[in-house]
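Commentary on secondary and tertiary structure
One-letter residues, chain by chain:
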Amino acid sequence: MVSQVAMGVFLLCGTLFQPPEVAGFKPLFQGGSLTHREITQLAILRKTAEVCRDIAIAQGYNFTLPINNRLTPSAVQKACSASSALPSGLSSLGFCLAITEIYLSNAAVDVDFALSEAHHIDNEAFKEGRDLITQGVSAVKASVQQGSYIFARIKLGDLCHTLQDFYSHSNWVELENTAPFSTLIKPELPLNNIADPSTPTCKNCTGSNCSDIILPEILLHKKLTSGYFSIFSSTKPAGKCSHGGSIDRTSSREPTGGINKDDISSDHGFFHQRAAEMAINATVEVLQDIRLAIGNQAFLRLVGLSQTSVLAFVIDTTGSMSDDIEEAKRVSFSIIDSRRGTPEEPSEYILVPFNDPDFGPLTRTDNADIFKQRINSLSTFDGGDAPEMCLSGLLLALAGAPPSSDIFVFTDAAAKDSELKSTIQAMIEHTKSTVTFMLTNTFSFRRRRDVSQSQSFTSRSIFESEKQLYRDLAHVSGGQTIEVTKYTLSQATAVIKDALTSDKVTLLQVVRSPAIAENFFFVLDPSLSNVTVYVTGDSPVFTIYSPTGLSQSGSVADGPLGSIQIIGNLKRVKLNSDNQTGEWKISISSTRFYSLIVTGQSSVNFLFNFVEHLENGIFTPIVNRPFTGRNVTLFVSVTGEDSVTVTDVLLVEASGSAVVNGTIKSLGATDFLVNIDRIPEWAFVVQLKGLLNESTRSLPSQFQRQSPTQQQGSRVTIMAQPSSTIEPGIPFIHSFTLVTNATGGKYTIRARTDRSFSVSFPSFLNTGTEGSAQGKVTLTAPSDKESGTDVTLTIEAEDPESGDSNYVAVRFLTKAPDFSSPVCQVISIKANCPVECSRASWELSANLTDGNGTGIAGVSLSRGNGSLSLSYVMNTDGTNVTVASYNASCCSQEVELVAVDRVGNVGTCFTSIKSPSPTVSSSASYSVSFSMCVTLVGLLVSFLYG
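Figured I'd write up the structure that's included with this text. (Residues numbered from 1 in each chain as written. Predicted model: local features only at pLDDT ≥ 70, side-chain atom pairs only at ≥ 80, totals over all residues. Heavy atoms only, no water.)

**A look at the overall build of the chain**
When helices and strands are counted, the chain shows 15 helices and 45 strands. Within the chain, the proportion of its 946 residues that are buried is 59%. Look at the contacts in the chain between residues 6 or more apart in sequence, and 72% of them connect residues 24 or more apart. Summed over its atoms, the accessible surface of the chain is roughly 35,900 Å², and 50% of this surface lies on carbon and sulfur atoms. (Helix = DSSP H or I, 4+ residues; strand = E, 2+ residues; numbered from the N terminus. Buried < 20%, exposed > 50% of the residue type's maximum accessible area, 1.4 Å probe, protein only. Contact = heavy atoms within 4.5 Å. Areas by Shrake-Rupley, 256 points an atom, 1.4 Å probe, with all protein chains shown as cover.)

Shown next, in the form of structure tokens:
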């Protein structure tokens, strides 16, 4: 709800500027103001709890969480799991991650569209603002239909910002309205009673008191207006209200003052809490519209609450992999069958095949049988030369999988498309996904190369360099490079199963190359279970020490501390469940490369995002690598507990022991802002330490978590407009800006999509003396791409001399041209209900059409205990008609039908026969808009479509 006065960082004349200090929403429970972040989160939590409650009641279970309380993600997740609306043991990390994605996208509007009157409903731009909202709602629905939940969350955050700003920037609250303005999410309804452009709406403030500046006639006639805003000019139409605030220059011109309610210190801040609560209710309303369109289970996936884990395979299908594919099939089928129907069953399955010269298509499904069919249909052929399109297949999987997924790549060949390494690394950083390479029959790396090469030391060096590419990418992601044969591949099932847990956490991860003898320490807390240590490398020797002084060598298969399984070049140590709490040590020595990863299962985890921290608690996301050497802020959320103490947030060198400490500021029980004085030159992981304040323990216990995905800074950044929609077959020009913290320089530019759309871009950009340059990417979607298809465009800039690079990833959606809701025509309503209602029934018949839209996709009941049947006919004008016939007992006197078209536009049809009249019969035909209420004799029928 913070307006464009919280503009953040924007580009002006090639230099980054901070705006003047502005007021921002502060947490309401601290006696201050409410921000977009709290408004969005509260609305999502309330609607999610309501969905879980409805599912629980429908299944005969209890739901005990009061929905209108001040909820937390942990409380909602636990209540949903306890009511059987969700699988038990589900981690709240995905829920928190989805909420964070939504409200950081919401916050980004203040930077990306700082001066857009439509995005903030300023300057009486009601129609333009509503267009953004309704088109955003359609984009969310279309994205969900395509399984593109990431894009759906981005668009949901965007549209919620504009929706929420309406209540702060207009006079809706001052007009004494008590419910949200539903017309904002219904494109077919007229925007009535808006103040004419020439109609005065305000008078001067009296001193500092702006409480009565809206003209009495505007209030009397319920005329809708919003404040004008500009940081450059004081010009505004005569007599119009201003937004107000220190940087709004229009507020100094008569009529002076402003009407914004962005916080309690604003000119109309006395209405702030009412406006904020109205914004919450309006956000709940739009979430309900989306829920009706996509269904309960898809809604829970949208908010990240139904996802357990993802089984994602990227498989080489060339001839030499035939035996390995058969084993991969057996492994995957074993995992699927053993977990089907259990809380650990994957919520989504992803498959990408690759060979040479092809890769794809991407299979993404929540149906295990479909996945088994697709993987069973994989066939191999001779791909010619040895290298394959491995990274192209991996890129497709990274773009298609949910954030923080575990992806497994099976290959026995080098990557032919190694030039994609930097793009893959960018996507790994962006999605925070983990990639593990299963290198099967690694000697074939040499065998499949040109036979003219001898098996010499040179060949061995080439072999090692090919594997190093995979090692580097695995290292960046927090994954592993496991070398197995077709005979030992089945042993890797344990590693895959370890990853397929919804509550997996990383405690420690290090890589050493070249290797040295070193001691590593990690803390185990009472919330942990199934703690596993992975040591990967050619010749590492290690010993593990418990907090009580017990030790076990890595050469002992079964010892006092755990059991050790050897899988190729990996040693997997499963620690015993007893006496784990406290600080552990592992000593490792090796002559060559090795990696160490310690994981476990726990509800307590954390997520982080780089943000631009503005004044008064406002922050917006940084979507790429932060500037090296400059300060930056991390927004950190701890999940799984409603009260924790975070003592340390550290940037730890990914391949060394250097550390940068952060300064922590609490935003509540589980959210923190961490200021980092400088981003280091080296790649790093984020490590968090603290205390668990568990009610069952007399003293807090120490805990430690670490991000698996490594991050790094850059001396160059790329700024681009956020996600958008594109028309298939029509070139779309996307502008971007390159900015460096050095003077001059020539940068190599690369741009790619994950769907092989046509892309053109400049090969180089010179930043010149001002350290910035403008560029354009032209993107063309194939004309046959269906509405709702998403594509990720990655733009990279690299300094060819130093290798320093940065990226920006932008998602696009093919446009859905249909924004109109279905239309209803009542054919007949028959009721003959005696006093004893159980002895009779009533009937409703209605025709549902979609006009010139995409067609009715489905009709369902959202209220009523009767039976619904559908039939289909065609009118003489060629219009397809869905005939809905409803029959119910007279004891069930209300029904609400929900009609959804093929792009997600929703219509609801509500009918009630609550009436003293015992008999009603009508065969007349009524064509009504869905905002009207029609009263027949003794019968109230309300058709509400939108």
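**Comments concerning the pattern of salt bridges**
Scanning the model with the defined rule gives 37 salt bridges in all. For Glu483, the salt bridge is made with Arg471, and the minimal N-O distance between the two is 3.8 Å. Residue Glu483 is found in strand β8 (residues 481-484), and its partner Arg471 is found in helix α14 (residues 457-477); the two are separated by 12 residues along the sequence. For the residue pair Glu483 and Arg471, the accessibility class agrees, reading buried in each case. In this structure, the salt-bridge partner of Arg750 is Glu796, at a minimum N-O distance of 3.7 Å. One end of the pair, Arg750, is in strand β29 (residues 746-753); the other, Glu796, is in strand β33 (residues 790-798), with 46 residues separating them in the sequence. For the residue pair Arg750 and Glu796, the accessibility class agrees, reading buried in each case. Beyond isolated ion pairs, a larger network of salt bridges with shared partners links Lys47, Glu50, Arg53, Asp54 and Arg291. (Salt bridge = Lys/Arg side-chain N within 4 Å of Asp/Glu carboxyl O.)

**Quick notes on the state of the cysteines**
All told, the structure shown has five disulfides when counted by the stated rule. Note on cysteine connectivity: Cys202 is disulfide-linked to Cys241, with sulfurs 1.9 Å apart. Judged by the torsion about the S-S bond (90°), the Cys202/Cys241 disulfide is right-handed. A residue pair is termed long-range when its members are at least 10 positions apart, and Cys202 in the loop between α5 (149-169) and α6 (216-220) and Cys241 in the loop between α6 and α7 (272-294) qualify at 39 residues. Take Cys202: its relative accessible area is 7%, and that puts it in the buried class. With a relative accessible area of 0%, Cys241 lands in the buried category. The side chain of Cys837 participates in a disulfide bridge whose partner is Cys891; the two sulfur atoms lie 1.9 Å from each other. Here the S-S torsion is close to 95°, and the disulfide linking Cys837 with Cys891 is therefore right-handed. Residue Cys837 is located in the loop between β35 (823-832) and β36 (841-849), and its partner Cys891 is located in the loop between β39 (880-889) and β40 (894-901); the two are separated by 54 residues in the primary sequence. (Disulfide = S-S within 2.5 Å.)

**Quick notes on helix α2 (residues 73-82)**
For α2, the tally of buried residues reaches seven of 10 residues, placing the bulk of the element in the interior. Summarising the contacts, the buried residues of α2 are in contact with α1 (36-58) and α3 (93-112). Where α2 ends, the next residue or the one after it, Ser84, has phi of about 70°, a positive value.

**Regarding helix α9 (residues 322-339)**
In this model, α9 (18 residues) spans 26 Å end to end at C-alpha, consistent with the 26 Å of a helix rising 1.5 Å per residue. Buried residues of α9: Asp324, Ile325, Glu327, Ala328, Lys329, Val331, Ser332, Phe333, Ile335, Ile336 and Arg339, and no others. On its buried side, α9 packs onto β3 (310-316), β4 (348-354), α10 (368-376), β6 (406-411), β7 (434-440) and α15 (493-499). Just past α9, the residue Gly341 takes up positive phi, approximately 80°. (Expected span 1.5 Å × (residues − 1).)

**Description of the packing of aromatic side chains**
Under the definition given, this model contains 18 aromatic pairs. Between Tyr103 and Phe635, the ring centres sit 6.1 Å apart and the planes meet at 65°, which makes this aromatic pair edge-to-face. Here Tyr103 is found in helix α3, whereas its partner Phe635 is found in strand β20 (residues 632-639), with 532 residues between them in sequence. The exposure class of Tyr103 is buried, given its relative accessible area of 4%. For the ring pair Phe166 and Phe181, a centre distance of 5.6 Å and an interplane angle of 20° mean the geometry is stacked. Of this pair, Phe166 sits in helix α5 while Phe181 sits in the loop between α5 and α6, and the two are 15 residues apart along the sequence. Judged by relative accessible area, which is 0%, Phe166 ranks as buried. Note on Phe181: relative accessible area 12%, which makes it buried. (Phe/Tyr/Trp six-rings, centres within 6.5 Å; stacked < 30°, edge-to-face > 60°.)

**Comments concerning the pairing of strand β18 (residues 605-613)**
Extensive coverage of β18 is indicated by the burial of seven of its nine residues. Of the strand pairs in this sheet, β18 and strand β19 (residues 619-621) are connected by three bridges, and their pairing is antiparallel. Of the residues in β19, the one forming a bridge with His613 is Phe619. (Pairing = 2+ DSSP bridges.)

**Considerations on the sheet that holds strand β13 (residues 551-553)**
Read from one edge to the other, the open sheet built from four strands follows the order β10-β16-β12-β13, with strand pairing classed as antiparallel. Where the open sheet ends on each side, the last strands, each with one partner, are β10 (518-524) and β13. When strand polarity is set aside, the average angle formed by the axes of neighbouring strands in this sheet is 20°. Pairing of strand β12 (residues 541-545) with β13 involves three bridges; the strand directions are antiparallel. Bridge pairing in β13 links Ile544 to Gln552. (Axes fitted to C-alpha atoms, helices over the stretch in contact; angles between N-to-C directions.)

**Looking at the side chain of Gln711**
Within the fold, Gln711 resides in the loop between β25 (701-706) and β26 (716-720). Those residues in contact with Gln711, other than ones at most four positions away along the chain, are Glu429, Lys432, Phe608, Phe610, Ala683 and Phe684.

**Observations regarding empty space enclosed by the protein**
Per the stated rule, a full pass over the model turns up seven cavities of 30 Å³ or more. Of the pockets and cavities examined, the largest cavity occupies roughly 840 Å³. Considering the residues around the largest cavity, the lining is formed by 45 residues, among which Leu93, Ser404, Ser405, Asp406 and Lys504 are closest to the centre. Put simply, the parts of the chain that give the lining of the largest cavity at least two residues each are α3, β6, β7, α15, β9 (504-512), β17 (594-601) and β18. Take the lining of the largest cavity: its biggest share by element is five residues, from α3. Residue composition of the lining of the largest cavity, by class: 18 nonpolar, 21 polar and six charged. In this structure, the second largest cavity occupies an estimated 140 Å³ of space. Lining the second largest cavity are 17 residues; nearest its centre among them are Gly147, Tyr149, Ile150, Glu348 and Pro402. Elements supplying a minimum of two residues to the lining of the second largest cavity: α5 and α11 (390-400). By residue number, the principal contributor to the lining of the second largest cavity is α5, which donates three residues. Split by residue class, the lining of the second largest cavity holds six nonpolar, five polar and six charged. (1 Å grid on protein atoms, 1.4 Å probe; cavity = no way out; pocket = protein on both sides within 12 Å on 5 of 7 lines; lining within 4 Å. Points joined across faces, edges and corners; volume = space filled by probe spheres on them. Nonpolar A, V, L, I, M, F, W, Y, C, P; charged D, E, K, R; others polar.)

**So, the sheet that holds β8**
Reading across the sheet, the six strands line up as β5-β4-β3-β6-β7-β8 and stay open at both edges, with mixed pairing between neighbours. Whereas interior strands pair on both sides, the edge strands pair on one side only; in this sheet they are β5 (363-365) and β8. In this sheet, adjacent strand axes meet at a mean angle of 15° when their direction is disregarded. Bridge count between β3 and β6: four bridges; the pairing is parallel. Paired with Ile315 across the bridge in β6 is Phe410. Relative to β3, α9 is tilted by about 175°, and along the sheet it contacts β3, β4, β6 and β7.

**Thoughts on the side chain of Thr183**
Its location among the elements puts Thr183 in the loop between α5 and α6. What Thr183 contacts, discounting residues up to four positions off in sequence, is Arg130, Leu189, Pro190 and Leu191.

**A closer look at the layout of surface pockets**
Where empty space is left becomes clear once a probe the size of a water molecule has been rolled over the atoms. Of the voids in this model, the second largest pocket is the one considered here, and its volume is about 720 Å³. Taken together, 26 residues form the lining of the second largest pocket, with Gln288, Leu292, Ser862, Glu896 and Thr908 sitting closest to its centre. At the level of secondary structure, the elements contributing two or more residues to the lining of the second largest pocket comprise α1, α7, β37 (856-863), β40 and β41 (906-912). At six residues, the largest contribution of residues to the lining of the second largest pocket is made by α7. Classifying every residue of the lining of the second largest pocket gives eight nonpolar, nine polar and nine charged.

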